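Residue-level structural notes
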Amino acid sequence: MHALPFVISLVSAVALAPALLRMLLAGGHTRVNYRARALPSPFGVLVLLAAVAALVPVMLVQVLAPADLLHPETVPVALYALGVLALGLIDDTLGERRAAPGAVEPPARAPARGWRGHGAAVLRGELSTGALKAVGSLGLALFATSMLGLSNGRWLLATAVLVLATNAFNLLDLRPGRAVKAFVVLGLGVGLGSGEARPLWALGLFAAPALVAGFYDVRERAMLGDTGANLLGALGGLWLVLALSGGGQAVALALLAALTVYGELRSISDFVERTPGLRQLDSFGRPA
């Protein structure tokens, strides 16, 4: 029964995806990808639409049947996932500099990128959506993990894992499908290593539509945007927190910190391109 929310949310995402594609295109909501193709974006909003639609039958069955469909961890998971989705959507819609009506070009200054770029924007007195997203993710992570009944040390550790994972997947989302592939690899590794399916079902309402959105991203039919990439990072971080011991989370935190520092200083795409195995996995599923 615990798998039912995952299944319902998956079906909702598959049903809603074509209509969302048409809606984004009709509204002119597109972004240019690394191959200069204009694609519907942010397609990560599919996760929000599918998850809240799935809640209708799930909650009716949960309360009226009654049936035990939702894990206790679903509440902090939903709180963090929905909050990160909202922050990502703000970044997607307000974070890009666009030309004013009648103007030929957007303002000369490029949008802030990375923690250093957003920090510099804040010091200049600008409202940086990236900085807002960082602060908001931290507040949401502190609130969500406080519901898991952890000791103070484990609470702070889990919060750090969540925040860094959320940002790390945003760093990865520079090529079609890279973020969702990282999420699948992470889930398989953690799931097989722990032998525990409970975290997946706790994430199910959001993980299922994230996989559907990721499929469209891999096939270059849409772009996840920060909305989807940050959501995948949030789900990956939540999976680590729910499945790993304190020692495992400490190792995960060190790896996430290393990835974050590398992504700030060097090109992750260049590293992937020159690494056999990673290069093939990165390009798998993309159209020629």
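Residues numbered from 1 in each chain as written. Predicted model: local features only at pLDDT ≥ 70, side-chain atom pairs only at ≥ 80, totals over all residues. Heavy atoms only, no water.

1. With respect to the environment of arginine 175
How we decide: By the criteria applied, helices consist of DSSP H or I runs no shorter than four residues and strands consist of E runs no shorter than two, each listed in order from the N terminus. Relative accessibility under 20% of the residue-type maximum defines a buried residue, over 50% an exposed one, and the middle range a partly exposed one, all with a 1.4 Å probe and only protein chains included. Whether two residues are in contact is decided by their heavy atoms: any pair within 4.5 Å suffices.
Turning to its location among the elements, arginine 175 is positioned in the loop between helix H6 (152–172) and helix H7 (178–194). Owing to a relative accessible area of 24%, arginine 175 belongs among the partly exposed residues under this scheme. Note: C-alpha distance between arginine 175 and methionine 223 (48 residues apart in sequence) is 9.5 Å. Setting aside chain neighbours within four positions, we find arginine 175 in contact with Tyr34, Asp217, Ser269, Asp282 and Arg286.

2. Quick notes on a nonpolar patch on the surface
Put simply, the test is: A patch consists of residues whose relative accessible area exceeds 30% and which take part in no salt bridge; residues with like charges are grouped when within 9 Å of each other, and nonpolar side chains (Val, Leu, Ile, Met, Phe, Trp, Tyr) when within 5 Å. Here the accessible surface of atoms and residues is derived via Shrake-Rupley with a 1.4 Å probe, and residues count as covered only by protein chains that are part of the display. Each reported salt bridge corresponds to a side-chain nitrogen of Lys or Arg within 4 Å of a carboxyl oxygen of Asp or Glu.
A contiguous nonpolar patch, built from Leu48, Val52, Leu55, Val56, Met59, Leu60, Val63, Leu64 and Leu82 and spanning about 750 Å² of accessible area, is present on the exposed surface. At eight residues, the largest contribution of residues to the nonpolar patch is made by helix H2 (residues 45–64). Mapped onto the fold, leucine 64 is located in helix H2.

3. Regarding the packing of helix H1 (residues 4–26) against helix H8 (residues 198–218)
Test applied: Convention adopted: a line fitted to C-alpha atoms gives each axis, helices being fitted over their contacting stretch, and angles between N-to-C directions are expressed from 0 to 180 degrees. These descriptions rest on fixed angle ranges, namely under 35 degrees for roughly parallel, over 145 for roughly antiparallel, 65 to 115 for roughly perpendicular, and the rest for oblique. Handedness of each helix crossing follows the sense of rotation of the near helix against the far helix: counterclockwise by less than a right angle gives left-handed, clockwise gives right-handed. Residue polarity follows a fixed list, in which Ala, Val, Leu, Ile, Met, Phe, Trp, Tyr, Cys and Pro are nonpolar, Asp, Glu, Lys and Arg are charged, and the others, Gly among them, are polar.
In contact at an axis separation of 8 Å, H1 and H8 are set at 30° when each is read in the N-to-C sense. The orientation of H1 relative to H8 falls into the category roughly parallel. Crossing of H1 against H8: the hand is right-handed. Contacts between H1 and H8 involve Pro5, Phe6, Ser9, Leu10, Ala13, Val14, Ala17, Pro18 and Leu21 on the former and, on the latter, Leu200, Trp201, Gly204, Leu205, Ala207, Ala208, Pro209, Leu211, Val212 and Tyr216. Across the contact of H1 with H8, the residue classes tally to 17 nonpolar, two polar and no charged.

These results come straight from atomic positions and should not be treated as a statement about function.
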